[in-house]
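Spelled out, the chains give:
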Amino acid sequence: MYPGKLGNQLELLEVIPDPTSLMESMRAVGYSVETAIADLVDNSISANASQIDIQYDASLEYPYIAILDNGHGMSADQLTNAMRHGSTNPTDKRSPEDLGRFGLGLKTASLSQCRKLTVLSKRDGVLSARRWDLDVVEDKGRWYVVVPGESELSTMPMWNRLQMLENGTLVIWQDLDRLMAGARDQQKEMTVRLRPLYEHLALVFHRFTRDEGKHKAIHITLNGLAIPERDPFLSRNH
């Protein structure tokens, strides 16, 4: 029983959201693929990354989008918490460099485009991996996060590049049902859908892709092509 404001005792009932229904509903928040990827770039910048590489390929049997950064990475416990919905309290005091607020961006942005979100992170050379797989959640009806096996991890996109880092995080989207819905030619469809991404990132992160005061420029690439500097406010024209 719980004491009410009027001195009466209140009965409390715990109502746990159905994971399948809630996660499918959250997928319809309204992200475009550009804003979803930009959310992940936000996370990388908050992790003090100086290099962020975005790679996509739909020519393979299993198309993917992957984002690799050389930020501070996460331990196993930190990664598990990062996969939790609402992992950050918006009322907590945050660093001025922290662009996230509600602890939902990684999950909602990613799952708005795919059914399988895998995150691999290294901290001080120690690798951890976690995955949200909506098919597993639907099958089990529980908030289960998958821990991928080591043999599977070595087959993941950009795995070799993550291995070269002491610290960093690799986010991989697979089973791109929303992004590739109705596509007859997956490679062509992905190319068309991601065509606006290059300029979108250049504009959204214009103050991070050039040296500005105490901030060193962050190098961002898209399939190996560097995101250029942009000055949308023509601040350098005097």
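Residues numbered from 1 in each chain as written. Predicted model: local features only at pLDDT ≥ 70, side-chain atom pairs only at ≥ 80, totals over all residues. Heavy atoms only, no water.

A. Seen up close, the overall build of the protein. Secondary structure summary: the protein contains nine helices and nine strands in total. Relative to all contacts within the protein whose residues are 6 or more apart in sequence, the contacts with residues 24 or more apart total 65%. (Helix = DSSP H or I, 4+ residues; strand = E, 2+ residues; numbered from the N terminus. Contact = heavy atoms within 4.5 Å.)

B. Fine view of unusual backbone geometry. Phi is positive for D124, which is not a glycine, with a value near 55°. Considering the arrangement of structural elements, one finds D124 in the loop between strand 5 (116-123) and strand 6 (126-133). Residue classification places D124 among the exposed residues on the basis of a relative accessible area of 56%. The backbone phi angle of N223 is positive, close to 50°, even though this residue is not glycine. As for its position among the elements, N223 is in the loop between strand 8 (219-222) and strand 9 (225-226). Using a relative accessible area of 39% as the deciding quantity, one classes N223 as partly exposed. (Buried < 20%, exposed > 50% of the residue type's maximum accessible area, 1.4 Å probe, protein only.)

C. Spotlight on the layout of surface pockets. In this structure, the second largest pocket occupies an estimated 220 Å³ of space. Looking at the second largest pocket, it is lined by 13 residues, and the ones nearest its centre are Y62, P63, K116, Q174 and D175. (1 Å grid on protein atoms, 1.4 Å probe; cavity = no way out; pocket = protein on both sides within 12 Å on 5 of 7 lines; lining within 4 Å. Points joined across faces, edges and corners; volume = space filled by probe spheres on them.)

D. Highlighting the environment of K140. Its place among the elements puts K140 in helix 5 (residues 134-140). Using a relative accessible area of 52% as the deciding quantity, one classes K140 as exposed. For K140 and T20, which are 120 residues apart along the polypeptide, the C-alpha to C-alpha distance reads 9.3 Å.

E. Broad picture of the sheet that holds strand 3 (residues 51-57). The seven strands lie next to each other as 6-5-7-4-3-8-9, forming an open sheet whose pairing is mixed. Strand pairing shows two members of the sheet lacking a second neighbour, strand 6 and strand 9, which therefore form its edges. Inspection of the sheet shows strand 5 paired to strand 6 by eight bridges, in the antiparallel sense. What sits directly across from R123, in strand 6, is V126. (Pairing = 2+ DSSP bridges.)

F. Focus on a nonpolar patch on the surface. A surface patch of nonpolar side chains, about 270 Å² in accessible area, is lined by I16, L22 and W143. As for its placement among the helices and strands, L22 is situated in helix 1 (residues 19-26). (Patch = residues over 30% accessible without salt bridge, like charges linked within 9 Å, V, L, I, M, F, W, Y side chains within 5 Å. Areas by Shrake-Rupley, 256 points an atom, 1.4 Å probe, with all protein chains shown as cover. Salt bridge = Lys/Arg side-chain N within 4 Å of Asp/Glu carboxyl O.)

G. Geometry of the side chain of D53. One can find D53 in strand 3. Polar contacts involving the side chain of D53 include one to the side chain of R161, which spans 2.4 Å. Once you skip the residues sitting within four places of it in the chain, D53 turns out to touch A66, I67, L68, M158, R161 and T221. (Polar contact = N/O pair within 3.5 Å; in protein donor to acceptor, adjacent residues only side chain to side chain.)

H. Expanded view of the confidence of the model for the protein. When pLDDT is averaged along the protein, the result is 87; 85% of the residues meet or exceed 70. Per-residue pLDDT stays below 50 along residues 94-103; that stretch engages in 23 contacts with residues further than four places along the chain or on separate chains. (pLDDT = per-residue confidence, 0-100.)

I. Helix 9 (residues 197-204), seen in detail. Among the residues of helix 9, those classed as buried are L197, L201 and A202. One side of helix 9 carries all its buried residues, which in axial view fall inside an arc of 135°. Buried residues along helix 9 sit against helix 2 (33-46), strand 3 and strand 8. (Arc of directions from axis to C-beta.)

J. Structural detail: the packing of helix 2 against helix 9. It is at 10 Å that the axes of helix 2 and helix 9 come closest, and there the two elements cross at 45°. Regarding the angle of helix 2 to helix 9, the classification is oblique. As helix 2 packs across helix 9, the resulting crossing turns out to be right-handed. On the side of helix 2, the interface is formed by E34, T35, I37, A38 and V41, while helix 9 contributes L197, H200 and L201. (Axes fitted to C-alpha atoms, helices over the stretch in contact; angles between N-to-C directions. Parallel < 35°, antiparallel > 145°, perpendicular 65-115°, else oblique. Left-handed = near helix turned anticlockwise from the far one by under 90°.)

K. Region of the structure containing the environment of E34. Among the structural elements, E34 can be located in helix 2. Sequence separation between E34 and Y198 is 164 residues; the distance between their C-alpha atoms is 8.8 Å. If near-sequence neighbours (up to four positions away) are discounted, E34 is found in contact with R193, P196, L197 and H200.

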